[in-house]
Amino acid sequence: MATGTKHPARDFLFEYFSFRPSQLLRWSPGPDCLLENARSEELAWKGVFETVPEGLVLPAAAFPPHRLTFVRWAFNYLNKIAARPAFSGCFGLHEWAMVYREENIRHGRTPLRLSPDDIAGIVETGDLCCTHYDAYRFFTPLAVPKNRHQLTRDTTEHFDQPGCVHVTMDLYRYAYKIAPWVSGELLGDAFLLAWEARELDMRASPYDMTGYELEPIRIEEATGRQEYVRRQQELTRKAEPIRTKLIKVYERLLEVNEEKRED
């Protein structure tokens, strides 16, 4: 950001996601954790921590009431994802569908490693089976009808599943959406996982990422598809404990604030 240098993989983490680097660097202990002998000026989060005789605390009960509708929806959504089997047969073709038969591609400054005709051939002979709307919505018009599923924003919670690389990336969104009522450690873990998932996303894409020190995963070849599935499944395993911890935080916020409302 300081040098104005574009990076097609990493910029995504601050363009698609709305959390700024300065916000990401703000640490929080999470809800109902006493920071002994702490002072408010020592924390970057202002106006949310309460001063108690022993130091500072961020009560779960202080979560903004108007945001509980989202918390309730996200809690149910995350539980649905956790309960579903992971699917790992998409081979990252969503990035190929985003440049299919299209002259004005999203990352115009990054060269493609295959010709447009070769890319079209991979899309046309492959099986487009994307289950994530926020990837699907960037498909080119000619690629949309080729997808196995016709997705909408309203069907998100019905199609998303834990094997999806974008669903794994989105754990970062569900962490920062409740900041600072999520620990800095959990937020950081979700961000680093999103970073790893995004790099896999672009390595398996038709873009030539070698200029960014990212070697291609050639999903147009059998060995490349095998490598993609292996790495996709690794990400799925890494995502499980992060999702579980997030569900517990969401559950805590709901329990405390539902009790407060009943009182």
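For the structure itself, look to the data block above.
Not measured: the values here are computed from a predicted model.

S.K.: What am I meant to see in the pattern of salt bridges here?
M.R.: Side chains that carry opposite charge are capable of pairing whenever their charged atoms lie near each other. Summed over the entire model, instances satisfying the criterion amount to 18 salt bridges. Between aspartate 117 and arginine 101 there is a salt bridge, with the nearest N and O atoms lying 3.8 Å from each other. Of this pair, aspartate 117 sits in helix α5 (residues 116-125) while arginine 101 sits in the loop between α4 (94-97) and α5, and the two are 16 residues apart along the sequence. Relative accessible area serves as the criterion here: at 58%, aspartate 117 is assigned to the exposed category. Measuring nitrogen to oxygen at the nearest pair gives 2.8 Å for the salt bridge that ties lysine 238 to glutamate 196. Separated by 42 residues along the polypeptide, lysine 238 in helix α10 (residues 222-262) and glutamate 196 in helix α9 (residues 184-203) bring together distant segments of the chain. By relative accessible area, lysine 238 is classed as partly exposed at 39%. Via salt bridges that share partners, Arg39, Glu41 and Glu42 belong to a single interconnected network.

S.K.: So what exactly am I meant to see when it comes to the packing of helix α8 (residues 165-176) against α9 here?
M.R.: Between two packed helices, the angle of one axis relative to the other and the distance separating the axes together describe the packing. Axis separation between α8 and α9 bottoms out at 8 Å; the angle between their running directions is 150°. When the axes of α8 and α9 are compared, the pair comes out roughly antiparallel. α9 is crossed by α8, and the crossing has left-handed handedness. Residues Val165, His166, Thr168, Met169, Leu171, Tyr172, Ala175 and Tyr176 of α8 lie in contact with α9, whose contacting residues are Leu187, Ala190, Phe191, Leu193, Ala194, Ala197, Arg198, Leu200 and Asp201. When grouped by side-chain class, the residues that make up the contact of α8 with α9 number 13 nonpolar, two polar and two charged.

S.K.: Before we go on, may I ask you to explain the state of the cysteines in this structure?
M.R.: What makes a disulfide is a covalent bond joining the sulfur atoms belonging to two cysteines. By the definition in use, this model includes zero disulfides. With no disulfide of its own, cysteine 129 lies closest to cysteine 90 among cysteine sulfurs, the gap being 5.9 Å. For cysteine 129, a relative accessible area of 3% puts it in the buried group.

S.K.: Help me out: how do you make sense of the nonpolar core in this one?
M.R.: Nonpolar side chains tend toward joint burial in soluble globular proteins. Core analysis: the largest hydrophobic core is formed by 83 residues, its most contacted members being Tyr172 and Leu246. Secondary-structure elements contributing two or more residues to this core are α1 (12-15), α3 (68-83), α4, α5, α6 (133-136), α8, α9 and α10. Among the elements that take part in this core, α10 stands out by supplying eleven residues, more than any other. Those residues in contact with tyrosine 172 that lie beyond four places of it in its chain are Leu13, Phe17, Phe19, Leu24, Leu187, Ala190, Phe191 and Ala194.

S.K.: So what exactly am I meant to see when it comes to the environment of glutamate 42 here?
M.R.: Looking at the element boundaries, glutamate 42 is found in the loop between β1 (35-36) and β2 (50-52). From its side chain, glutamate 42 meets the backbone nitrogen of arginine 39 in a polar contact 2.7 Å long.

S.K.: Help me understand the packing of aromatic side chains, please; the structure alone is not making it clear to me.
M.R.: Note on aromatic pairs: each is described by the distance of the centres and the angle between the planes. Within the structure shown, the criterion is met by 19 aromatic pairs. Residues phenylalanine 12 and phenylalanine 17 carry aromatic rings whose centres are separated by 6.0 Å and whose planes lie at 80° to one another, so their mutual orientation is edge-to-face. Relative to tyrosine 174, the ring of phenylalanine 70 has its centre 6.4 Å away and its plane inclined at 5°; by these criteria the two rings are stacked. Highlighted residues: phenylalanine 70 in helix α3 and tyrosine 174 in helix α8, separated in sequence by 104 residues. Each member of the aromatic cluster is reached from another via a ring pair, and the members are Phe12, Phe14, Tyr16, Phe17, Phe19, Tyr172, Tyr176, Phe191 and Trp195. We note arginine 26 situated over the ring of tryptophan 45; from NZ or CZ to the ring centre the distance is 4.9 Å. Lying across the ring of tyrosine 16, arginine 173 places its NZ or CZ 4.8 Å from the centre.

S.K.: Please explain the environment of arginine 26 as it appears in this structure.
M.R.: Note that arginine 26 resides in the loop between α2 (21-24) and β1. For arginine 26, a relative accessible area of 27% gives the class partly exposed. On a C-alpha basis, the gap between arginine 26 and tyrosine 136 in space is 33 Å, while along the polypeptide they are 110 residues apart.

What counts and how
- Residues numbered from 1 in each chain as written.
- Predicted model: local features only at pLDDT ≥ 70, side-chain atom pairs only at ≥ 80, totals over all residues.
- Heavy atoms only, no water.
- Salt bridge = Lys/Arg side-chain N within 4 Å of Asp/Glu carboxyl O.
- Helix = DSSP H or I, 4+ residues; strand = E, 2+ residues; numbered from the N terminus.
- Buried < 20%, exposed > 50% of the residue type's maximum accessible area, 1.4 Å probe, protein only.
- Axes fitted to C-alpha atoms, helices over the stretch in contact; angles between N-to-C directions.
- Parallel < 35°, antiparallel > 145°, perpendicular 65-115°, else oblique.
- Left-handed = near helix turned anticlockwise from the far one by under 90°.
- Contact = heavy atoms within 4.5 Å.
- Nonpolar A, V, L, I, M, F, W, Y, C, P; charged D, E, K, R; others polar.
- Disulfide = S-S within 2.5 Å.
- Core = buried A, V, L, I, M, F, W, Y, C linked by side-chain atoms within 4.5 Å.
- Polar contact = N/O pair within 3.5 Å; in protein donor to acceptor, adjacent residues only side chain to side chain.
- Phe/Tyr/Trp six-rings, centres within 6.5 Å; stacked < 30°, edge-to-face > 60°.
- Lys NZ or Arg CZ within 6 Å of the ring centre and 35° of its normal.

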